[in-house]
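The chain contents come next:
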Amino acid sequence: MSLAHGRPYLAIPGPSVMPDAVLRAMHRASPNIYEGAIVEMVAGLIPDLRYVAQTAAAKVAIYIANGHGAWEAALCNVVGEGDKVLVPATGRFAHGWADMARGLGVEVELIEFGTKSTYDPERVAEALRADPERKIKAVLASHVDTASSVRNDLASLRAAIDSTGHPALLMADCVASLGVEEFRMDDWGVDIMVTGSQKGLMVPPGLGFVFFNEKAEARRAEMPRVSRYWDWVPRGKPGFFYEYFGGTAPTHHLYGLRAALDMIREEGIEQVWHRHAVLARAIWAAAETWGQGGPLTLNVADKGLRSHAVTALRLGKPYGAQLRKWCETEAGVTLGIGLGMAEPDDPAGTGFFRLGHMGHVNTHMILGLLSVIEAGFLSLDIPHGQGALTAAAAEIAKG
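Residues numbered from 1 in each chain as written. Predicted model: local features only at pLDDT ≥ 70, side-chain atom pairs only at ≥ 80, totals over all residues. Heavy atoms only, no water.

1. A closer look at the UniProt feature "domain: Aminotransferase class V" (unreviewed entry) in the protein
Next, step 1: Using the residue numbers shown here, the UniProt feature "domain: Aminotransferase class V" (unreviewed entry) corresponds to residues 50-283.
Next, step 2: Its end C-alpha atoms 30 Å apart, residues 50-283 is made of 42% helix and 18% strand. (UniProt positions renumbered as here; feature names shortened; annotations may be inferred. Helix = DSSP H or I, 4+ residues; strand = E, 2+ residues; numbered from the N terminus.)

In structure tokens, the structure reads:
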């Protein structure tokens, strides 16, 4: 008999758990979109978005779009047909952004680093030094790859670009990391950053954000054309309210975003980063302990390269799919599927699963999640090491 009744827990790497405060903020009648309170509210969102990104200088463009839309918006403003971008890939989502560029007629030079390690900045520098004609306009990098759970060092990539004297922009995909991982746009020299509303920002999917600095603005000014909808110029400095969104405002998402940013401000961004780091370490401790007596392994062996937002794990066939099914049907907990993690005997990656631990999460949620997984191991007779929950609790206790 199933014990899944009660409040379900969506433990996938986005959409993340939405706070009640966000849901309450969205549960209201439609406002006047031409004047009044919402106009003033939206102007107040921009400084708080800059705070989360740790930038004093960058402008912010808001799009009614998911992360893929933000990818395209960012690209459309700085590269066009015949231009070239360099993409160091550490998982599926780097390939996705690269494919988006190809769809715009942009040439892509991709450096593959696999799904278990970060990129080598020197190889990126070598590719830039091999471009004396300066055909490469930007380097596209994922801060965290949501599929592989690799966390990359963006500051090292900036240093690699600067060491060559190449003018390429540094563009960062922070869809999985903003509001979770430490990110300092100005200090790290990121020229363009893209993110979405549905992960660390704790708002339903539907808002895409592009942050861009003066260097990126200068490149935009060189573009012969940018589509009216994707153009970030009016969105970054609107003369009229509708220009923030290229038309009708996504009113209820904006109310939810206001509530989420208030929560982040109240907690403080550095404490937000710390909370996620502690909870991630608890998950890693449990997984490493389970793995001592069974087939479970963390996809990323090096702790310094593991994301604080998502953890990718390999359990192997048939256990991965069995565990996900048991957790959802018997305990009301939904684990994330494996993405881009195919193996020769498992082309669909069913032996992998992912845990999302981003946004509105705390100690009892993570310890509860880990307890459900252990119950699944026991119910399904999946071999595993003993003491995982104690190991996780010890990490929590350290704080």
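2. Some remarks on unusual backbone geometry
Next, step 1: In this structure, Pro15 follows Gly14 across a cis peptide bond, with omega equal to 0 degrees.
Next, step 2: Positionally, Pro15 belongs in the loop between strand S1 (9-11) and helix H1 (20-26).
Next, step 3: That bond from Lys317 to Pro318 is cis: its omega, -10 degrees, falls within 30 degrees of zero.
Next, step 4: A positive phi angle, close to 55 degrees, is found at Arg134, a residue other than glycine.
Next, step 5: By the secondary structure assignment, Arg134 is in the loop between helix H5 (121-129) and strand S5 (136-142).

3. Section: the pattern of salt bridges
Next, step 1: Applying the stated criterion across every chain yields a total of 24 salt bridges.
Next, step 2: Two residues, Arg151 and Glu181, come together in a salt bridge whose shortest N-O distance is 3.4 Å. In this pair, Arg151 is assigned in the loop between S5 and helix H6 (154-164) and Glu181 in the loop between strand S6 (169-173) and helix H7 (185-188), connecting sequence segments 30 residues apart.
Next, step 3: Residue classification places Arg151 among the partly exposed positions, given a relative accessible area of 21%.
Next, step 4: Of the charged contacts, one joins Arg158 and Asp191 as a salt bridge, the two residues approaching to 2.9 Å between their closest N and O atoms. One end of the pair, Arg158, is in helix H6; the other, Asp191, is in the loop between H7 and strand S7 (192-196), and 33 residues separate them in sequence. Each of the two residues, Arg158 as well as Asp191, counts as buried.
Next, step 5: Linked through salt bridges whose partners overlap, the residues forming this network are Asp48, Arg258, Asp262 and Arg265. (Salt bridge = Lys/Arg side-chain N within 4 Å of Asp/Glu carboxyl O. Buried < 20%, exposed > 50% of the residue type's maximum accessible area, 1.4 Å probe, protein only.)

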